[in-house]
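# Examination of the molecular architecture
Residue-level listing of the chains:
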Amino acid sequence: MTVEEAYQAYFPRIREKCRRMMQNTGDAEDVAQETFVRLWQAGLQDAPPRRVVGWVYRTSTRLAIDRMRRRRAAAEFSCEETLLRLATAVPLEREVAQREALARLVGQLPADELEAVFLHRLDRLTQPELAEVLQISERTVRRLLSRFEERLEKLREGVA
Amino acid sequence: MSPHGEHPSFLALDSLKWGRGTDEVRTHVAGCAACAAHLQTVERPVEVPAWARGLKQERPWGWLFGGGRLAWGGGLAAAMAVLLVVVLAPRPPAPLPSEDVPKPYVGPKGEPVVVVHVRHGEHVSRWDGTQPLLPGDRVRLEVAASGYSRVLVGSPTPDGGFVTLYTGALPEGGALLPASWQVDAEGSGEHLVVVLSRAALAPEVLRRVLAERGGPDVWVTDLRLPKQTAP
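The name given to chain B in an unreviewed UniProt entry is Zinc-finger domain-containing protein, with the source organism recorded as Pyxidicoccus fallax.

In the annotation of an unreviewed UniProt entry, chain A is listed under the name RNA polymerase sigma factor and assigned to Pyxidicoccus fallax. In the Sequence similarities (unreviewed entry) part of its UniProt record, chain A is described as follows: "Belongs to the sigma-70 factor family. ECF subfamily."

So, in C-alpha cells, the structure goes:
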C-alpha cells in the first residue's frame, strides 16, 4: 500500500478517533498525525486491516493520554470532584461531560484503567472488542471497568 | 451492539470498510443518521498533506544501541549517533556525591513513577516538570516501580530511529539509575523514553512497544525536557 492509499484508508478514522478523545482540536490533530507516522514507520500499512484498526485504537488512546498528562489539566481538579461530575451528569450532557471529565482524570488514575475507560465510554467498545484491542483477557477488561464503576458508585452513594 | 444504547462501537463502524461487521451492524447503519454520518466523514476522500507524502522517504525505525556518556542533540542524525557511540569512549557516568543522592521517591502504589534529577554545577535538584535544562547540566533518572524488573532508557533520533542510552535490571521497588547524561547545546529540548518491562525486550518487541507506546506487561512514558541554549 502506498502512503497515499494508507492515508486515505486510515487517517480520517484516526482523526475522528482522536477528536472523540480530546477537547483541544490542535492536540487531536497532533496525536492523529503521530499515530499515522508510527503506523507507517512500523510498516503496518500492509498488515490485515483488522489488526491495523485495533492497533490504531490502542496506540492513539495511549498517545492521547500521554499528551493530556503533559497538559497537566488534571492538576486543577481533584479526582473526586471530577468523578462526581461524571457520575452525576445527566444524559443530555453526558457525552461532553465524559470527555471533559476523563481528560481531567488522566493524571489521577492508572493508565490501564484509563485506556479501557476511554475506549469503552468514548468509542463504545464492547468488552470483547476491548480485550482484542488492548490485548488483554476479557476478565481483565471486566476488572478494569468494574474498578472504575466502583469509584463512580461510591460517589453516587455519597451524593444521594 | 455496544452497551451504550443502540449504536455499534466506532471500532465496528470503522471496520466496515474492509468487509467486517455483522448484519446487525449493517442494518443499524442503514437506518441510523448518526452512524451513517460518521461513515460519510471517514470515507470522504481527503487530500494527502506534505508531511504524509514525505513519509515515503522515511525508512522504518532504525535501531542503535550504545551506552555510557552521550551528548544529545536535536540535530544529530542517526549516523552521528552511531559515531558518538563508537568515538566517545564509553565511560561510567560520574556518580553524584553521596550527599547529593536524593532520598528514595515514594509514589502511589501500582503506577510506576519516574523522577528526573538534574545536576547543575554542584547543585542537584528534582526537575519540576517545567524548568528548562542548560547545556552542561547532567540528568539522572530515578524509577519507582513495583513488578517491573527491567528498565530501558532511550531517545528518538531525528530520522525516526531510536537510540538506547541505558538498559539494565531494576531492583524491586525501583532505583536511581547508575547512568547520567550530559545536556549539550543542540536543539530546544531533550526527549527521553523510559520503558519498564518484566523481562529483557528483544529488538523487534521493543520496536513494537515503542510504536504502540506500551504493551502487555510493559509500561512506557515519554519525558520531554525543554532546554535553554541562549542566555
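What follows concerns the overall build of chain B. Counting its regular elements, chain B contains 6 helices and 9 strands. Relative to its full complement of 231 residues, chain B shows a buried share of 44%. Accessible surface for chain B amounts to roughly 11,600 Å². Of this, 57% is attributable to carbon and sulfur atoms.

Let's shift gears to the pairing of strand β8 (residues 189-197) of chain B. All names here are of chain B. Here β8 lies mainly inside the structure; 8 of its 9 residues are buried. Relative to β8, strand β5 (residues 150-156) is paired through 5 bridges, and the arrangement is antiparallel. Paired with V153 across the two strands is V194, which belongs to β8. Inspection of the sheet shows β8 paired to strand β9 (residues 218-226) by 9 bridges, in the antiparallel sense. Following the sheet pairing, V193 is matched in β9 by D222.

Turning next to the nonpolar core. In this structure, A:I14, A:F36, A:L39, A:Y57 and B:L13 are the most contacted members of the largest nonpolar core, which totals 61 residues. Setting aside chain neighbours within four positions, we find A:L39 in contact with A:Y10, A:I14, A:L44, A:Q45, A:V52, A:W55 and A:V56. In this structure, B:V114, B:W127, B:V139 and B:V163 belong to the second largest nonpolar core, which totals 26 residues.

Turning next to the environment of B:A36. Mapped onto the elements, B:A36 comes out in helix α3 (residues 33-43). Counting along the chain gives 23 residues from B:A36 to B:L13, while the straight-line C-alpha distance between them is 9.1 Å.

Quick look at the sheet that holds strand β2 (residues 113-120) of chain B now. Residue and element names in this part refer to chain B. The 4 strands are arranged β3-β2-β4-β7 in an open sheet whose pairing can be described as antiparallel. The sheet is open, and its two edges are formed by β3 (123-126) and β7 (175-182), each paired on a single side. Sheet twist, expressed as the average angle between the axes of neighbouring strands with direction ignored, equals 25°. Pairing of β2 with β3, which is carried by 4 bridges, proceeds in the antiparallel orientation. Residue pairing for β3: H120 is matched across the bridge by H123.

With respect to the helices and strands, the residue B:H38 is situated in helix α3. On the accessibility criterion, B:H38 (8% relative accessible area) is buried. If we ignore the near neighbours within four places in the chain, the residues touching B:H38 are A:E16, A:R20, B:F10, B:L13 and B:D14.

Basis of the calculations
- Residues numbered from 1 in each chain as written.
- Chains lettered and ligands numbered in written order.
- Predicted model: local features only at pLDDT ≥ 70, side-chain atom pairs only at ≥ 80, totals over all residues.
- Heavy atoms only, no water.
- UniProt positions renumbered as here; feature names shortened; annotations may be inferred.
- Helix = DSSP H or I, 4+ residues; strand = E, 2+ residues; numbered from the N terminus.
- Buried < 20%, exposed > 50% of the residue type's maximum accessible area, 1.4 Å probe, protein only.
- Areas by Shrake-Rupley, 256 points an atom, 1.4 Å probe, with all protein chains shown as cover.
- Pairing = 2+ DSSP bridges.
- Core = buried A, V, L, I, M, F, W, Y, C linked by side-chain atoms within 4.5 Å.
- Contact = heavy atoms within 4.5 Å.
- Axes fitted to C-alpha atoms, helices over the stretch in contact; angles between N-to-C directions.

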